[in-house]
Amino acid sequence: MKHLLSIEALSVVEIREILNLAKKLKSMRGQHDPNPLDGECWGLLFSKSSTRTRVSFEVGIRELGGEALFLSSSEIQLGRGEPIEDTARVLGRMIHGAVIRTFKQSDIETFAALSGIPTINALTDEEHPCQILADLQTIEELRGSLEGLKIAFIGDADCNMGRSWIWAAARLGFDLRLACPALYTPPAELLARAKAVGGSVTITEDPEEAAHGADILYTDVWVSMGKEEEAEHRAAQFAPYQINDRVVAAAAPGAHVLHCLPAYRGKEITAQVFEHHADAIFQQAENRLHAQKAVMTLLKS
Ligand code: CP
Ligand code: NVA
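Summarised in this report is the structure supplied together with it.

Okay, the nonpolar core next. Of all hydrophobic cores here, the largest spans 80 residues; its most connected members are I120, L133, F153, W165, L176 and L217. If one sorts the elements of this core by residue count, helix 12 (residues 278-300) sits on top with eight residues. Other than its neighbours up to four places away in sequence, W165 contacts I132, D135, L136, I139, I151, F153, F174, L176 and Y218.

The next subject is the sheet that holds strand 6 (residues 175-179). Think of a sheet as strands paired side by side through backbone hydrogen bonds, with each pair either parallel or antiparallel. Pairing is parallel across the open sheet formed by five strands, whose spatial order is 7-6-5-8-9. Two strands lie at the open edges of the sheet, namely strand 7 (200-204) and strand 9 (256-259), each paired on one side alone. Adjacent strand axes in the sheet meet at a mean angle of 20 degrees, parallel and antiparallel pairs treated alike. Packed on one face of the sheet, helix 5 (residues 129-143) meets strand 5 (150-154), strand 8 (216-219) and strand 9 and runs near 160 degrees to strand 9.

Next up on the list: the environment of F238. Among the secondary structure elements, F238 is positioned in helix 9 (residues 231-238). The buried category is assigned to F238, whose relative accessible area is 0%. Sequence separation of F238 and P36 is 202 residues, and the distance between their C-alpha atoms is 44 Å. Each residue touching F238, except ones within four places of it in the same chain, is listed here: G155, D156, P181, Y184 and W222.

Judged by pairing direction, the sheet is parallel, and its four strands sit side by side in the order 2-1-3-4 without closing on themselves. Of all strands in the sheet, those with a lone pairing partner are strand 2 (67-72) and strand 4 (119-121), marking the two edges. Here the average twist between neighbouring strands, direction ignored, is 20 degrees. When strand 1 (residues 41-46) meets strand 2, the two strands line up parallel, connected through six bridges. Across the sheet, the residue bridging to L45 is L71, located in strand 2. In the packing of helix 4 (residues 105-115) onto the sheet, the strands contacted are strand 1, strand 3 (97-101) and strand 4, and the crossing angle to strand 4 comes to about 170 degrees.

Turning to unusual backbone geometry, a few remarks are in order. Note the cis peptide between L261 and P262, where omega equals 5 degrees. One can find P262 in the loop between strand 9 and helix 11 (271-276). One non-glycine residue, L123, lies in positive phi territory at about 120 degrees. Here L123 is to be found in the loop between strand 4 and helix 5. You can call L123 buried: its relative accessible area is 7%. The residue L261 is not glycine, and still its phi comes out positive at about 70 degrees. As for its position among the elements, L261 is in the loop between strand 9 and helix 11. On the accessibility criterion, L261 (10% relative accessible area) is buried.

Each value, and the rule that gives it
- Residues numbered from 1 in each chain as written.
- Chains lettered and ligands numbered in written order.
- Predicted model: local features only at pLDDT ≥ 70, side-chain atom pairs only at ≥ 80, totals over all residues.
- Heavy atoms only, no water.
- Core = buried A, V, L, I, M, F, W, Y, C linked by side-chain atoms within 4.5 Å.
- Buried < 20%, exposed > 50% of the residue type's maximum accessible area, 1.4 Å probe, protein only.
- Helix = DSSP H or I, 4+ residues; strand = E, 2+ residues; numbered from the N terminus.
- Contact = heavy atoms within 4.5 Å.
- Pairing = 2+ DSSP bridges.
- Axes fitted to C-alpha atoms, helices over the stretch in contact; angles between N-to-C directions.

Laid out in structure tokens, this is it:
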């Protein structure tokens, strides 16, 4: 595996390999030998805000023996209009790997193609593969296995998280239900492509129908980064798509509630549901570190 650009581009074998190594790295944190990034310097190119992704990569790179260089787009020439093609060809001659958070998926693909160095998608408008890998790791820890699980995603199903979940369901073959307003349904073309791969993805406008008998309830912000101008409209559209006591009651007994964070209480999730499931949600956040260390180790090999 040379890059991690999307869940769509991963095979089941690669996903399994990452999850297995993430589990091992978590259990042996602090005793990594040899350090696969020894002598390397990785660049983090971020055009959007981040807490978890930035910190987990910076810490992860150091724990693997490398050094991390945080490059905010507002401080490098990329933010003043230097093309991604030129940025890739410059950085490819200096750094050993790149972790990129940006808007267009095509920018990440271009960077990967032209830089010649391992490139990781740290979130685009289309996918958030690092988050999904940590989520899958967390679900395996909580439930023992992903086998036969029913997962309900409630909210903006057409955002990066909704789309990455669709590809995870397609690759791993689980039952994914998406509950969203009709306008926020992922494109039919994407759904058809995913369906051809596998899994079962059903879409409904009724959050309780999606939650019915689900083992995992999952949500994300209603207003993704870059969509701030639509905040008011989205708040009205998504108001019925909150994970609250009623939605939790529709799920299977003992269902887990997960959230990729940051969470907006009173919007996509109630404060009460959030706090009740906070242990699992923060376990999910911690697993960003372990899953990404596994990815960086495997990109090297
Ligand atoms: N979940 C996630 O990617 O968080 P950050 O935006 O804080 O990195
Ligand atoms: N869909 C959200 C995910 C944040 C981790 C966003 O893109 O802002």
